[in-house]
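Coordinates in review
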Amino acid sequence: MRRLQRRLGDDHTTRLQDLNVRCHVTAANNFLDWLGGEGLTPGTCTQTDLERWMADPTVSYRDETGHFVRWSVQHRHARDLNYGTVRWTGPLSTIDSEKRWADARRLLNDDTLPTPDRVAGLLLILYAQKIATISQLTVDDVHFDGDTVSITFGTSPVVLPAPLASLVRELVATRRRKAKIGTPEDAPWLFPGGQPGRPLGDDQIGQRLHKIGIRPKQDRSTALFTLATEVPAAILARMLGVHIKVAVQWQQASGGDWAAYAADVSRRSRDQHIL
């Protein structure tokens with residue numbers, strides 16, 4: 001059993017590493033496409049051009065793009081560009097919990113919206129999942145046990161509430177029916193794309209969520225910030241598949257001082273034992 005757990009852990013680590021590389025490649029490709037559309041190259045891009053790109057609220061992979069810009073400057077493919085690393089100190093935009101729950105109710109109840117969009121939106125606003133993670137989910141990440149449906153983002157499965165569980169069941173069934181048209185029946189993706197054997201692209205998911213009123217970056221921030229007030233960092237990291245340092249940062253920003261709580265519980269337990 002321990003050997004199997006280690007193997008599963010290794011497989012999960014490999015998937016996260018692959019996802020990290022893919023995010024960096026996608027970021028570089030998106031930025032280069034933007035430069036091309038503006039008639040620019042990394043060598044002709046100015047700081048003003050870069051800041052104009054940074055000011056666009058619809059762009060994604062900002063941190064990964066920063067890595068690419070700094071790499072370009074270091075290797076002299078670009079010059080005089082400054083995309084500094086910034087220590088994260090908390091969410092930059094307003095944490096709108098009311099919008100979060102209003103969006104959740106709408107996605108759960110509005111059956112005029114496509115099921116894939118409803119599920120993707122709910123995974124983002126309820127479980128703070130990145131689009132890059134959602135696009136890589138497979139049917140093997142979904143687990144059925146009678147009426148219970150759970151999904152694995154990190155190392156621990158998360159049991160889904162009944163309304164979302166029904167949508168995920170429907171998505172899995174629909175995905176398989178569509179797979180018979182142009183995709184292999186054993187295609188693993190929960191969100192298959194238009195090309196056989198490939199998942200729906202991150203940009204496509206982002207565009208579809210924007211169309212139904214979901215703001216991926218801001219709404220994920222709200223979800224993660226809210227969850228950090230309710231769940232200890234270690235559990236949050238295991239459940240949601242985020243790095244423990246990220247979970248700790250969000251926990252500190254939200255004021256969810258779980259370390260102090262754990263220390264207090266430990267102290268009370270010792271006092272009771274002495275009594």
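In the block above lies the structure referred to throughout.
If you're wondering where the values come from, they're calculated on a predicted model, not measured in any experiment.

**Remarks on the packing of helix α4 (residues 97–109) against helix α9 (residues 216–228)**
The interhelical angle for the contact between α4 and α9, taken along N-to-C directions, is 105°, at an axis separation of 10 Å. With respect to each other, α4 and α9 are oriented roughly perpendicular. Residue-level inspection shows Ser 97, Lys 99, Arg 100 and Asp 103 of α4 in contact with α9, the latter providing Asp 219, Thr 222, Ala 223, Thr 226 and Leu 227.

**Digging into the sheet that holds strand β1 (residues 142–145)**
Judged by pairing direction, the sheet is antiparallel, and its three strands sit side by side in the order β1-β2-β3 without closing on themselves. Single-partner strands in this sheet number two, and they are β1 and β3 (158–159). The pairing of β1 with strand β2 (residues 148–151) spans four bridges and is antiparallel. Opposite Phe 144, over in β2, you have Val 149 as the bridge partner.

**Looking at the nonpolar core**
Proteins that are soluble and globular tend to have nonpolar side chains buried together. Core analysis: the largest hydrophobic core is formed by 48 residues, its most contacted members being Leu 123 and Tyr 127. A total of eight residues in this core trace back to one element, the largest contributor, which is helix α5 (residues 115–127). Listed in part, the 14 residues of the second largest apolar core include Leu 35, Phe 68, Val 69 and Tyr 83.

**Description of the packing of α5 against helix α8 (residues 202–211)**
Taken N-terminus to C-terminus, the directions of α5 and α8 make an angle of 90°; their axes are 10 Å apart at the nearest point. Classed by the angle they form, the pair α5 and α8 counts as roughly perpendicular. Side by side, α5 and α8 meet where Pro 116, Asp 117, Ala 120, Gly 121 and Leu 124 of the first sit next to Ile 205, Arg 208 and Leu 209 of the second. Residue classes in the contact of α5 with α8 are distributed as five nonpolar, one polar and two charged.

**Brief notes about the packing of aromatic side chains**
Within the structure shown, the criterion is met by five aromatic pairs. Aromatic pair Phe 31 and Phe 68: ring centres 6.4 Å apart, planes at 75°, arrangement edge-to-face. Here Phe 31 is found in helix α1 (residues 2–37), whereas its partner Phe 68 is found in helix α3 (residues 62–74), with 37 residues between them in sequence. Side by side, Phe 31 and Phe 68 carry an identical accessibility label, which is buried. Joined through ring pairs, the aromatic side chains of Phe 31, Trp 34, Trp 53, Phe 68 and Trp 71 make up one cluster. When the ring centre of Trp 101 is taken as reference, the NZ or CZ atom of Arg 100 above it lies at 4.8 Å.

Procedures and definitions
- Residues numbered from 1 in each chain as written.
- Predicted model: local features only at pLDDT ≥ 70, side-chain atom pairs only at ≥ 80, totals over all residues.
- Heavy atoms only, no water.
- Axes fitted to C-alpha atoms, helices over the stretch in contact; angles between N-to-C directions.
- Helix = DSSP H or I, 4+ residues; strand = E, 2+ residues; numbered from the N terminus.
- Parallel < 35°, antiparallel > 145°, perpendicular 65-115°, else oblique.
- Contact = heavy atoms within 4.5 Å.
- Pairing = 2+ DSSP bridges.
- Core = buried A, V, L, I, M, F, W, Y, C linked by side-chain atoms within 4.5 Å.
- Buried < 20%, exposed > 50% of the residue type's maximum accessible area, 1.4 Å probe, protein only.
- Nonpolar A, V, L, I, M, F, W, Y, C, P; charged D, E, K, R; others polar.
- Phe/Tyr/Trp six-rings, centres within 6.5 Å; stacked < 30°, edge-to-face > 60°.
- Lys NZ or Arg CZ within 6 Å of the ring centre and 35° of its normal.

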